[in-house]
Every structure is written in structure tokens, then in C-alpha cells.
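Geometric and topological summary
Residues per chain, in single letters:
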Protein chains: 2
Amino acid sequence: MGVWHTPIKNPKDAPRQGIEGGINGEIELDPRWARGLTGVEPGAHIWVFSFFNHAKEPELYFYPHGGESKHKTGLFNTRSPNRPAPIGMTLVKVLSINENRLEVKGVDALDGTPVLDIKPHLARLDSPKA
Amino acid sequence: MGVWHTPIKNPKDAPRQGIEGGINGEIELDPRWARGLTGVEPGAHIWVFSFFNHAKEPELYFYPHGGESKHKTGLFNTRSPNRPAPIGMTLVKVLSINENRLEVKGVDALDGTPVLDIKPHLARLDSPKA
């Protein structure tokens, strides 16, 4: 559906998660989908779904945080990109929109990573309830 | 990777979003992935990624909320299941875990919907910053 344009050219330079880094980048959608961005406004927070096309074979039980953690845990208790379905979700802030291009803040994807979907962040759905 | 077992047998019975409904259901993973659930505990909130295998051809600009809204908006400003990549994310609460099966609360998926991924909800990554 689209592609990431980011300053992150090498996996080792990627922040662990976008919102912690604050890197800016651009999402370029195939022009056929541009109209679907109607109503997405600067300042909004959106979920971007990416396809981790550099993902490796998943480990099911490992030391998370790039091996820095002292305790092993299960893959589904982590955000590792190496998953059975290597799909990532990143919450980013929209800076500007120009037809089929969105400039966003909070990028964690390698340059060239495919973008699968964009969804609005909705606090009532995306926050835990008691 | 897995499948949803839910009491929702017909699309018209599905709540618009799971957390608003409070329906209980079960995720059954292929047993080969069970170890990846290590560390996922009852009471935790998790994201479940589902493949909307009943999705229709996407509309790019339409009346959201099942047509109830008075104003059209763009597809990527909605959570409609009818998307170029029909992947849904639902925040649910874990009730219990038994090997490759998780009982969860907050279900919005039709019975039999494929499950693609499970990720932990992490407030620091999954909440907007200023």
C-alpha cells in the first residue's frame, strides 16, 4: 500500500521503538489510496502497520531488549520484529499531509519498509480498562 | 498462527470494537507457538492482530460507524475492517492461559477469524505524547 522514507538505513541504527526516539520520516502511499487519508489531520496520532521485511526466524523464548534483559521471556510478551507474522505497529504523530504523503514523528522503521495500513489512534479503544 | 473462538457467529452481531463490548472469547494458537506465551499473565492487556477474512472491497471515502455518521471521512481515519490490508488490532484483557489457549475479554472477532499476532500493550509506547 505504501512505503516508509526514513533516515534509518541500517537495522543497528533503529531506535527500539519510534515514540521513544522522535525521529521524523515520511510515509508515501500509492496514489490510488490518497483519498483514504481525508480527515487525518496534522497533530493527530496514528498507528502505522509495517511489514518487517528484514525479520529473522522467530525465537520463542529469549532475552528481550536486544539481549540486554537478564530474564528470558516469551516472544508474544515482547515487541521483537522476529515474529510468525512480522507485522509492526508504531504510534506516530502526523506533522503534515500532502496528497499521498504524510510527514510523521516517532519513526522506528528502516528506510524502504513496506507500509500495510494506517489507523486512527482512539483513546477509548486503545487504552486498557480496569 | 492461531484462530479465534468467539460467540460471534454473524458479522451483524459483532460489537463495533471489542473493548466496548466486553465479550469473552478464546484464542487458540498452533501448539508450536505456545512457548512464546511465556510471561503473558492473567490481567495483562494484549494486542491481538486478526485477519479480517470476511472483509469487502475497501471504500476510500464514506459515512463511518456503519453509515450512521452524518459526515464522510477517509478510510484511514476509520477502523473499518474493509481495508487494503484487512488486518485488525484489538486490545483485550487476558483472563487465563492454558498452554496454547488464552481466554480473553473484549472480543470483537467473528468465530473462526485467523489470529496473526499477539503483542504486549506497553503504555509508554502505546499512548500519545505531547
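Preceding this section is the structure that the text describes.
Residues numbered from 1 in each chain as written. Chains lettered and ligands numbered in written order. Predicted model: local features only at pLDDT ≥ 70, side-chain atom pairs only at ≥ 80, totals over all residues. Heavy atoms only, no water.

1. Quick look at the interface of chain B and chain A
- Contact residues are listed per partner, giving 48 residues for chain B and 48 residues for chain A.
- For the pair chain B and chain A, the summed buried area comes to about 4600 Å², and 64% of that belongs to carbon and sulfur atoms.
- Here D117(A) and R83(B) are joined by a salt bridge, their closest N and O atoms 2.7 Å apart.
- At the junction of chain B and chain A, the tally comes to 20 residue pairs in polar contact (both at pLDDT 80 or more).
- For the side of chain B that touches chain A, the secondary structure elements donating two or more residues are α1 (18-21), β3 (45-51), β5 (73-74), β6 (87-98), β8 (114-120) and α2 (123-126) of chain B.
- Counted by class, the side of chain B that touches chain A contains 25 nonpolar, 12 polar and 11 charged residues. (Contact = heavy atoms within 4.5 Å. Buried area = accessible area lost by both parts, 1.4 Å probe. Salt bridge = Lys/Arg side-chain N within 4 Å of Asp/Glu carboxyl O. Polar contact = N/O pair within 3.5 Å; in protein donor to acceptor, adjacent residues only side chain to side chain. Helix = DSSP H or I, 4+ residues; strand = E, 2+ residues; numbered from the N terminus. Nonpolar A, V, L, I, M, F, W, Y, C, P; charged D, E, K, R; others polar.)

2. Regarding the pairing of strand β1 (residues 2-5) of chain A
Residue and element names in this part refer to chain A.
- Only one face of β1 is buried: it carries G2 and W4, and the other face, with V3 and H5, is open.
- Two strands pair when backbone bridges link them, and β1 and strand β8 (residues 114-120) are joined in this way by two bridges, in the antiparallel orientation. Bridge pairing links V3 to P114 in β8.
- Where β1 lies against strand β2 (residues 24-29), four bridges are found, and the strand directions are antiparallel. Following the sheet pairing, V3 is matched in β2 by E28. (Buried < 20%, exposed > 50% of the residue type's maximum accessible area, 1.4 Å probe, protein only. Pairing = 2+ DSSP bridges.)

3. Some remarks on the side chain of R79(A)
- Secondary-structure assignment places R79(A) in the loop between β5 (73-74) and β6 (87-98).
- Residue classification places R79(A) among the buried residues on the basis of a relative accessible area of 13%.
- Reaching out from R79(A), the side chain makes a polar contact with the backbone oxygen of P120(B) at a distance of 3.1 Å.
- A distance of 2.4 Å separates polar atoms of two side chains, one belonging to R79(A) and the other to D126(B).

Read these as layout, nothing more, since geometry by itself doesn't imply function.
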